[in-house]
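Coordinate analysis (summary)
Given next are the chains, with one letter for each unit.
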Amino acid sequence: MSRTSVKAGKKARSLLSVSDLSAQDLAGMLDRMKSLKPAIKRRDTLSDLRGIVVGMLFEKPSTRTRTSFEVATVRLGGFPVYLASEELQTSRGEPIKDTARILGSYLDVIVGRVYSHETLTAMAAFSGVPVLNGLSDLEHPTQVISDLFTISETKGRLKGMTLAFIGDGDNVCNSLLLGASLVGMNVVAACPSGYTPNPDVLRRAEENAKRSGSTVRVVDDPKEAAVDSDVLYTDVWVSMGEEKEASRRMRAFRGFQINSEMLKLASKDAVVMHCLPAHRGLEITDDVIEGKQSVVWRQAENKLYGAAVALDFVTG
Ligand code: CP
Ligand code: NVA
């Protein structure tokens, strides 16, 4: 059932976690994005994915990830097939391992956005084709690949920079901890008690930091995290699938908003990032997201080049 190559003679692999990447893999991807970005913007005819059919199996809504992966597939000469989970037989109880076996025999790559990370693991185990994590409850690796590219574009470097994540220790936070520590950035997550990052992820991020000479910290005081940071990053307080916890979360995250007071604590040329969608007045204020230090629109555009490099990576 296992297929090791999508493009003849090349090595193909799944990308479910930032931990699936070595520091060298990640550096190579960020470097490749430097040439992919202008080529895609010029609408050059690229053929990296010629003859490749990419299935997009989405259990949750998406504006950026779905569109950027579909467009990246087309720009690289491949063909996208969108598969809304509610229109598949999985919605009527067909097991994911059966679905994965069938889809793997039709498709060359699967991008999956799922509630449970285990669904992706099963898809990778049973499909026989590379699977790309387009967001799970545990991680959002392709978000962080493009985010690191945005930081490097706007700050000129990554190593030695300090990223402060303020808010929920969620999928985006987990992938940021892994990615930032892999490239030698210092990373501090400020999360309320009960909403801290995944402990296994944290342990792996600490190991990365030891190797790359950076630091990883988790604190419960957002102001402490913000002080002198080069990047202030936040995400929603209620992720997809957590809607029932909304009122409890609103109480827990009070004080974790990125606003102009918080921004004053960061280094004076700090950039503000948000993976989007944003809730103005909750995790971030309108003046900050629309302000001079916000790079969120560039960050969102760069997801297109991040999707392209991720597809390139998994297809070998
Ligand atoms: N940032 C992000 O993944 O956005 P979407 O949910 O719109 O894909
Ligand atoms: N943490 C958010 C990210 C959305 C891109 C969620 O999972 O809903």
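A short tour of the structure in this document, coming up. (Residues numbered from 1 in each chain as written. Chains lettered and ligands numbered in written order. Predicted model: local features only at pLDDT ≥ 70, side-chain atom pairs only at ≥ 80, totals over all residues. Heavy atoms only, no water.)

**So, the site of ligand 1**
Condition: Nearness is judged by heavy atoms alone; a residue qualifies as near a molecule or strand once a single heavy atom is within 4 Å of it. The term polar contact refers here to a pair of N or O atoms within 3.5 Å; inside protein, the definition further demands a hydrogen-donor-capable atom paired with an acceptor-capable atom, and it admits residues adjacent in sequence only when both atoms are side-chain atoms. Computed with a 1.4 Å probe, the accessible areas rest on the Shrake-Rupley method; for each residue, only the protein chains presented here act as cover.
Near ligand 1, the surroundings consist of Ser 62, Thr 63, Arg 64, Thr 65, Arg 113, His 140, Gln 143, Cys 275, Leu 276 and Lys 303. Contact distances for ligand 1 include 2.7 Å between an oxygen atom and a backbone N or O atom of Thr 63. A distance of 2.8 Å is found between an oxygen atom of ligand 1 and a side-chain nitrogen or oxygen belonging to Arg 113. In the complex, the protein chains occlude 96% of the 260 Å² of accessible area that ligand 1 would expose alone.

**What to know about the site of ligand 2**
For clarity, the cut-off: Method remark: on a 1 Å grid restricted to protein atoms, a set of points is classed as a cavity if a 1.4 Å probe fits but cannot get out and as a pocket if it is open with protein on both sides within 12 Å along at least five of seven lines; lining residues have an atom within 4 Å of a point. A cavity or pocket is said to hold a molecule if more than half of that molecule's atoms lie within 2 Å of its grid points.
Surrounding ligand 2, one finds Leu 135, Asp 170, Asn 171, Asp 235, Val 236, Ser 239, Met 240 and Leu 276. Asp 170 has a polar side-chain atom sitting 3.1 Å from a nitrogen atom of ligand 2. Between ligand 2 and Ser 239, the relevant distance is 2.7 Å, taken from a nitrogen atom to a side-chain nitrogen or oxygen of the residue. Notes on ligand 2: free accessible area 270 Å², of which the protein chains cover 95%. One can see that ligand 2 is located within the largest pocket.

**Remarks on the sheet that holds strand S4 (residues 131-133)**
To be explicit about the condition: Strand pairing follows a simple DSSP-based rule, namely that at least 2 bridges must link the two strands. Put simply, DSSP H or I for four residues or longer makes a helix, DSSP E for two residues or longer makes a strand, and each gets a number counted from the N terminus. Where helices are involved, their axes are fitted lines through C-alpha atoms of the stretch in contact, as for all axes, and angles between N-to-C directions lie from 0 to 180°. The contact rule is simple, with two residues in contact once any of their heavy atoms fall within 4.5 Å.
Taken together, the four strands give an open sheet; going across it, the order is S2-S1-S3-S4, and neighbouring strands pair in parallel fashion. The sheet terminates laterally at strand S2 (79-84) and S4, the two strands that pair on one side only. The average undirected angle you get between the axes of adjacent strands in this sheet is 20°. Pairing analysis gives six bridges linking strand S1 (residues 53-58) to S2, with the strands arranged parallel. The residue bridging Gly 55 from the neighbouring strand is Val 81, located in S2. Against the sheet, helix H4 (residues 117-127) contacts S1, strand S3 (109-113) and S4, and its axis sits at roughly 165° relative to S4.

**Observations regarding the nonpolar core**
We count it as follows: To form a nonpolar core, buried Ala, Val, Leu, Ile, Met, Phe, Trp, Tyr and Cys residues must be joined to one another through side-chain atoms within 4.5 Å. Residue burial is assigned from relative accessible area. The probe radius is 1.4 Å, only protein chains are included, and a residue is buried under 20% of its type maximum, exposed over 50%, and partly exposed in between.
Within the largest apolar cluster, 65 residues are counted, with the highest numbers of intra-cluster contacts made by Leu 132, Leu 148, Leu 163, Met 185 and Leu 311. Ranked by residues supplied to this core, first place goes to helix H12 (residues 296-314) with nine residues. Setting aside anything within four residues of it in sequence, one finds Leu 311 in contact with Leu 49, Val 54, Phe 69, Ala 72, Thr 73, Val 109, Val 111 and Leu 132.

**A short note on the packing of helix H1 (residues 23-41) against H12**
Operational definition: Angles below 35 degrees are treated as roughly parallel, those above 145 as roughly antiparallel, those between 65 and 115 as roughly perpendicular, and all remaining angles as oblique. By convention, the crossing between two helices is left-handed when the near helix turns anticlockwise from the far helix through less than a right angle, and right-handed when the turn is clockwise.
As a packed pair, H1 and H12 sit with axes 9 Å apart at the nearest point and diverge in direction by 120°. Considering the angle they form, H1 stands oblique to H12. Read as a crossing pair, H1 and H12 show a hand that is right-handed. Between H1 and H12, the residues in contact are Asp 25, Met 29, Arg 32, Met 33, Leu 36, Lys 37, Ile 40 and Lys 41 and Glu 301, Asn 302, Leu 304, Tyr 305, Gly 306, Ala 308, Val 309, Ala 310, Asp 312 and Phe 313, respectively.

**Points about the pairing of S1**
With five of its six residues buried, S1 lies for the most part within the structure. One ladder, built from five bridges, connects S1 with S3; its direction is parallel. Within S3, the position partnered with Leu 57 by the bridge is Gly 112.

**Examining helix H3 (residues 96-106)**
Filter applied, for reference: Think of the arc as the fan of directions from the helix axis to the C-beta atoms.
Those residues of H3 that fall on the buried side of the exposure criterion are Thr 99, Ala 100, Leu 103 and Gly 104. Looking straight down H3, one finds its buried side chains confined to an arc of 130°; they lie on one side.

**Some remarks on the side chain of Ser 146**
Summarising the element assignment, Ser 146 is placed in helix H5 (residues 141-155). Beyond its immediate sequence surroundings of up to four residues, Ser 146 is in contact with Met 33, Asn 302, Lys 303 and Gly 306.

**Observations concerning the packing of aromatic side chains**
The line we're drawing: To pair, rings of Phe, Tyr and Trp, with the six-membered ring standing in for Trp, must have centres within 6.5 Å; the planes then decide the type, stacked if under 30 degrees apart, edge-to-face if over 60, and tilted in the middle. Note on geometry: a ring has a charge over it if NZ (lysine) or CZ (arginine) is within 6 Å of the ring centre and within 35 degrees of the ring normal.
The tally for this structure, following the rule as stated, stands at five aromatic pairs. Taken together, a centroid distance of 5.7 Å and an interplanar angle of 55° make the contact between Phe 58 and Tyr 82 tilted. Of this pair, Phe 58 sits in strand S1 while Tyr 82 sits in strand S2, placing them 24 residues apart in sequence. Look at Phe 58 and you get buried, because its relative accessible area is 1%. Judged by relative accessible area, which is 30%, Tyr 82 ranks as partly exposed. Taken together, a centroid distance of 6.3 Å and an interplanar angle of 85° make the contact between Phe 253 and Phe 256 edge-to-face. Neither Phe 253 nor Phe 256 differs from the other in exposure class; each is buried. An aromatic cluster of three or more residues is present, and its members are Tyr 195, Trp 237, Phe 253 and Phe 256. Here the guanidinium or amino end of Arg 66 rests over the ring plane of Tyr 82, the centre of that ring lying 3.4 Å away.

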